[in-house]
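# Fold and geometry: a report
Chain by chain, the residues:
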Amino acid sequence: MRKLLSLFIIILFLNNAYSQNTRLQDHNKIGWYNYFGTFKIAEKYSIHSEYQWRRDHYITDKQQGLLRVGLNYQANPKLQLRLGYAWIETYPYGDYAINGQGKDFTEHRIFQMATLTDKISKFEVSHRFMLEQRFVGRYTNPALTVEDDYLLLNRFRYLFRVQMPLKGAEITNKTPYLAAYNEILIGFGKNVNENIFDQNRIGLLLGYRFNNTFRIEGGYLNQRVQLGREIEQKNVFQNNNGLIVNTLVNLDFTKKKNTN
């Protein structure tokens, strides 16, 4: 048993030493300031809209801008399906830019999503599954100032979220709540590079639901990203952590107006 334990410790030590020698680490302080809007247009259909203003050094520098729209279908009370499009602009930030030439680049996405929700005692639980077809802009010539080619990348995402009220048995109007989530992003397909493991995101949030229409939440975000390229024959990992603030709006356009 002692020999096995000693061998296990040696393997862990060697693996850690190997990882340190084959990886470059990049640490950044980020701030994500997000809007999410849902607009119900029929009994089972709604429109999703969002914009995420992602910043480096908490707020002073650009990290990324993301616009996403989609059509929701509420298959049943616990299952929502979504088909949509996203536009993303990514900027050079940190010690190692995502783009190999240190330039900003545009990305267009088509995505399919399914969200399962449930309630266990005081806890609201959700599982979000997403497939993305990503058309990532790239420069075939360093002298170019605009992308002239788009590479197709595929990615799978899974997000688990749990939230609970800080008073009462459920999150209703005028209720503060706590939420936590973990999301993993996996690249796949013929054009996947170094980053089969693409990202992991962890969030810890304090929220407040004002009414059926409006709620806000904010807290801590940790984002770990693996770049799709090597530098000096080493994998590059970003360790980004900082603030996240979400503003959520929910409007129901199917309700009949009171004419009295």
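Throughout what follows, the structure given in this document is the object of discussion. Sequence order as written defines the numbering, with residues in each chain counted from 1. Thresholds applied to this predicted model are a pLDDT of at least 70 for local features of residues and 80 or more for the giving and counting of side-chain atom pairs; totals over whole chains, interfaces and linings are not thresholded and use all residues. Think of the side-chain values as coming from all heavy atoms in the structure, minus any hydrogens and water.

### Describing the overall build of the protein
Strands are runs of DSSP state E lasting at least two residues, helices are runs of H or I lasting at least four, and both sets are numbered from the N terminus onward. Broken down by element type, the protein carries one helix and 11 strands. Listing each helix as α and each strand as β along the protein from the N terminus yields α-β-β-β-β-β-β-β-β-β-β-β. On the principal axes, the C-alpha backbone points of the protein span a range of 75 × 60 × 35 Å. In the protein, which comprises 260 residues, the share counted as buried stands at 37%. The long-range share in the protein, meaning contacts at least 24 apart out of those at least 6 apart in sequence, stands at 56%. Per element, the accessible surface of the protein, about 15100 Å² overall, is 61% carbon and sulfur. In the protein, the 34 positive side-chain charges and the 23 negative ones have mean positions that sit 8 Å from each other. Burial classes follow relative accessibility: with a 1.4 Å probe on protein chains only, a residue under 20% of its type's maximum area counts as buried, one over 50% as exposed, and anything between as partly exposed. Residues are treated as being in contact if the distance between any of their heavy atoms lies within 4.5 Å. Residue burial considers only the protein chains on display, and all accessible areas are found by Shrake-Rupley using a 1.4 Å probe. Only four residue types enter the charge count: Lys and Arg as positive, Asp and Glu as negative, with His and the chain ends excluded. The atom standing in for a charge is NZ when the residue is Lys, CZ when it is Arg, CG when it is Asp and CD when it is Glu.

### Re the layout of surface pockets
Method remark: on a 1 Å grid restricted to protein atoms, a set of points is classed as a cavity if a 1.4 Å probe fits but cannot get out and as a pocket if it is open with protein on both sides within 12 Å along at least five of seven lines; lining residues have an atom within 4 Å of a point. Grid points are joined across faces, edges and corners, and a volume is the space filled by probe spheres set on the points. Within this model, the second largest pocket holds a volume of roughly 780 Å³. Along the walls of the second largest pocket sit 37 residues, with Ile98, Phe105, Val136, Leu153 and Gly228 positioned nearest its centre. Listing elements by their share of the lining of the second largest pocket, those giving two or more residues are β3 (61-76), β5 (105-120), β6 (123-138), β7 (149-165), β8 (175-188), β9 (197-209) and β10 (214-231). It is β10 that provides the largest number of residues to the lining of the second largest pocket, a total of six residues. Any residue outside Ala, Val, Leu, Ile, Met, Phe, Trp, Tyr, Cys, Pro, Asp, Glu, Lys and Arg is labelled polar, Gly included; the first ten of those are nonpolar and the last four are charged. When the residues that make up the lining of the second largest pocket are grouped by side-chain class, the tally is 12 nonpolar, 16 polar and nine charged.

### A look at the nonpolar core
Soluble, globular proteins show a tendency: their nonpolar side chains are buried together. With 10 residues, the main nonpolar core is built from Ile30, Trp32, Leu159, Ile171, Tyr177, Ala179, Tyr181, Leu205, Leu221 and Ile244. When contributions to this core are tallied by element, the ones reaching two or more residues are β1 (23-40) and β8. Counting residues per element, this core draws most heavily on β8, which supplies three residues. When near neighbours in sequence (up to four residues on either side) are disregarded, alanine 179 contacts Arg161, Val162, Gln163, Gly203, Leu204 and Leu205. Nine residue types can take part in a nonpolar core, namely buried Ala, Val, Leu, Ile, Met, Phe, Trp, Tyr and Cys, and a core is a set of them joined through side-chain atoms within 4.5 Å.

### Concerning the packing of aromatic side chains
Any pair of Phe, Tyr and Trp rings, taking the six-membered ring for Trp, is counted once the centres come within 6.5 Å. Such a pair is stacked with planes under 30 degrees apart, edge-to-face with planes over 60 apart, and tilted for the rest. Enumeration over the complete set of coordinates arrives at six aromatic pairs. Ring centres 6.0 Å apart and planes at 15° place the aromatic pair phenylalanine 39 and phenylalanine 253 in the stacked group. Separated by 214 residues along the polypeptide, phenylalanine 39 in strand β1 and phenylalanine 253 in the segment after β11 (234-252) bring together distant segments of the chain. Of the residues examined, phenylalanine 253 reaches a relative accessible area of 56% and is grouped as exposed. Feature note: the residues Tyr208, Phe210 and Phe214 constitute an aromatic cluster, connected by ring pairs. In this structure, arginine 54 is placed above the aromatic ring of tryptophan 32, and the distance from its NZ or CZ to the ring centre is 3.8 Å. Charge over a ring is defined by NZ of Lys or CZ of Arg lying within 6 Å of the ring centre and within 35 degrees of the ring normal. Here the guanidinium or amino end of lysine 103 rests over the ring plane of tyrosine 139, the centre of that ring lying 4.5 Å away.

### Overview of the environment of histidine 108
Along the chain, the position of histidine 108 falls in strand β5. When its relative accessible area of 27% is taken as the criterion, histidine 108 is described as partly exposed. Sequence separation between histidine 108 and tyrosine 158 is 50 residues; the distance between their C-alpha atoms is 20 Å. Aside from chain neighbours lying at most four places away, what touches histidine 108 is Tyr85, Ala86, Trp87, Gln133, Arg134, Phe135 and Tyr150. Polar contact criterion, stated in full: a pair of N or O atoms within 3.5 Å, where within protein one must be able to donate a hydrogen and the other to accept it, and residues adjacent in sequence count only if both atoms are side-chain atoms. Among the polar contacts listed, one links the side chain of histidine 108 to the side chain of tyrosine 85, at a separation of 2.7 Å.

### What to know about the side chain of glutamate 132
Mapping glutamate 132 onto the fold places it in strand β6. A polar atom in the side chain of glutamate 132 sits 3.2 Å from the side chain of arginine 109. In this structure, glutamate 132 is in contact with Arg68, Arg109, Ile110, Phe111, Leu153, Asn154, Arg155 and Arg157, ignoring residues within four places of it in sequence.

### Here we look at a nonpolar patch on the surface
Like charges within 9 Å and nonpolar side chains (Val, Leu, Ile, Met, Phe, Trp, Tyr) within 5 Å are joined into patches, using only residues over 30% in relative accessible area that form no salt bridge. By definition, a salt bridge exists where a carboxyl oxygen of Asp or Glu is found within 4 Å of a side-chain nitrogen of Lys or Arg. On the surface, a cluster of nonpolar side chains totalling about 770 Å² of accessible area is made up of Tyr35, Tyr51, Trp53, Tyr58, Ile59, Leu67, Val69, Tyr85 and Leu243. Secondary-structure assignment places tyrosine 51 in strand β2 (residues 45-56). The class for tyrosine 51 is partly exposed, based on a relative accessible area of 33%.

### Points about the side chain of asparagine 200
Relative to the assigned elements, asparagine 200 resides in strand β9. Classification of asparagine 200 by relative accessible area gives buried; the value is 19%. A polar side-chain atom of asparagine 200 sits 2.8 Å from a polar atom in the side chain of asparagine 182.

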